[in-house]
Amino acid sequence: ETGVTQTPRHLVMGMTNKKSLKCEQHLGHNAMYWYKQSAKKPLELMFVYNFKEQTENNSVPSRFSPECPNSSHLFLHLHTLQPEDSALYLCASSHGDRDNEKLFFGSGTQLSVL
Amino acid sequence: KNEVEQSPQNLTAQEGEFITINCSYSVGISALHWLQQHPGGGIVSLFMLSSGKKKHGRLIATINIQEKHSSLHITASHPRDSAVYICAVVLDGGATNKLIFGTGTLLAVQP
């Protein structure tokens, strides 16, 4: 148990659906991250939030919309996704967003887009 | 070519064997992480190091900054060590904790 909880664990959605992924941590961390892990590819950073402010958007398509209402919660809103967006989406947190911060990962949401 | 390369990609070992997983990178870094991912997705941070060597139980991680290379060793391997081991580097001078990941090494330890 890393202290970072993601829901749901699995999600199947059609291309016209709208859904949201949720991540929460009660570790007192100020930085939260969304990563995408596609089959046989390295993890890719999507977004970074520090003190609720977005500090990194790694050229992610607008059909992925993050929201960070407070330092403990992070959402990823999904709409009009494509089948190639099927992947494991991982949330992580760290004390700060500077270099050399240890990351704590959630168990991920396995997303399938039909 | 990935900026972070791991070898081997797949590794099968017998219980009790000494295991080495290698990571080479081509960029300047301030730190390197070794992560463990079990089936089901969850990732656990094993080590973060910027020089020398760290040890935790049966796991040892080393890094040679000059050679841009790190190794993860597992002594007296056990079937519960079966997982994907991922190397990730933190870019030197990066303003944000932005990791670049290797593709992972899938380890299977057979009883």
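To start, this report covers the structure provided alongside it.

Calculation criteria
- Note on numbering: residues in each chain are counted from 1, in written sequence order.
- As they are written, the chains are lettered A onward and the ligands numbered 1 onward, keeping that order.
- Local features in this predicted model are restricted to residues of pLDDT 70 or higher, and side-chain atom pairs are both shown and tallied only at a pLDDT of 80 or more, whereas totals for entire chains, interfaces and linings draw on every residue.
- As a rule here, side-chain values come from all non-hydrogen atoms in the structure, and water together with hydrogens is ignored.
- Whenever a pair of cysteine sulfur atoms sits within 2.5 Å, that pair is classed as a disulfide.
- Helical segments are the DSSP runs of H or I of at least four residues, strand segments are the runs of E of at least two, and each set is numbered from the N terminus.
- Should any heavy atoms of two residues lie within 4.5 Å, those residues are counted as being in contact.
- Defined here as a combined quantity, buried area equals the accessible surface (1.4 Å probe) lost by two parts on assembly, summed across both.
- For this document, the term salt bridge refers to a Lys or Arg side-chain nitrogen within 4 Å of an Asp or Glu carboxyl oxygen.
- Under this definition, polar contacts are N or O atom pairs within 3.5 Å; protein pairs additionally need one hydrogen-donor-capable and one acceptor-capable atom, and for neighbouring residues in sequence, both atoms have to be side-chain atoms.
- Note on residue categories: nonpolar means Ala, Val, Leu, Ile, Met, Phe, Trp, Tyr, Cys or Pro, charged means Asp, Glu, Lys or Arg, and polar means any other residue, Gly included.
- Type-normalised accessible area, obtained with a 1.4 Å probe on protein chains alone, sets the label of each residue: buried when under 20%, exposed when over 50%, and partly exposed for intermediate values.

### Some words on the state of the cysteines
Each disulfide consists of one covalent bond between the sulfur atoms belonging to two cysteines.
All names here are of chain A.
Here comes step 1: Within this structure, the stated rule accounts for 2 disulfides over all chains.
Here comes step 2: Here Cys23 connects covalently by a disulfide to Cys91, the sulfurs 1.9 Å from one another. Because the torsion about its S-S bond is -70°, the bridge between Cys23 and Cys91 counts as left-handed. A residue pair is termed long-range when its members are at least 10 positions apart, and Cys23 in strand E3 (residues 18-25) and Cys91 in strand E9 (residues 87-94) qualify at 68 residues.

### A word on the interface of chain A and chain B
Here comes step 1: The partner chain B presents 25 residues to the 26 residues of chain A that form the contact.
Here comes step 2: For the pair chain A and chain B, the summed buried area comes to about 1900 Å², and 53% of that belongs to carbon and sulfur atoms.
Here comes step 3: On the surface where chain A and chain B come into contact, there are 0 salt bridges.
Here comes step 4: Where chain A packs against chain B, one counts 1 residue pair in polar contact (both at pLDDT 80 or more).
Here comes step 5: Those elements that provide at least two residues to the side of chain A that touches chain B are strand E4 (31-37), strand E5 (44-50), strand E6 (53-57) and E9 of chain A.
Here comes step 6: Counted by class, the side of chain A that touches chain B contains 10 nonpolar, 8 polar and 8 charged residues.

### As for the side chain of Ser77 of chain B
Residue and element names in this part refer to chain B.
Here comes step 1: The topology assignment puts Ser77 in the loop between strand E8 (69-74) and strand E9 (83-91).
Here comes step 2: On the basis of relative accessibility, which here comes to 2%, the residue Ser77 falls in the buried class.
Here comes step 3: In this structure the side chain of Ser77 is engaged in a polar contact, spanning 3.3 Å, whose partner is the backbone oxygen of Gln14.
Here comes step 4: When residues no more than four places from it in sequence are discounted, the contact partners of Ser77 are Gln14, Glu15, Gly16, Glu17, Ile19, Arg58 and Val109.

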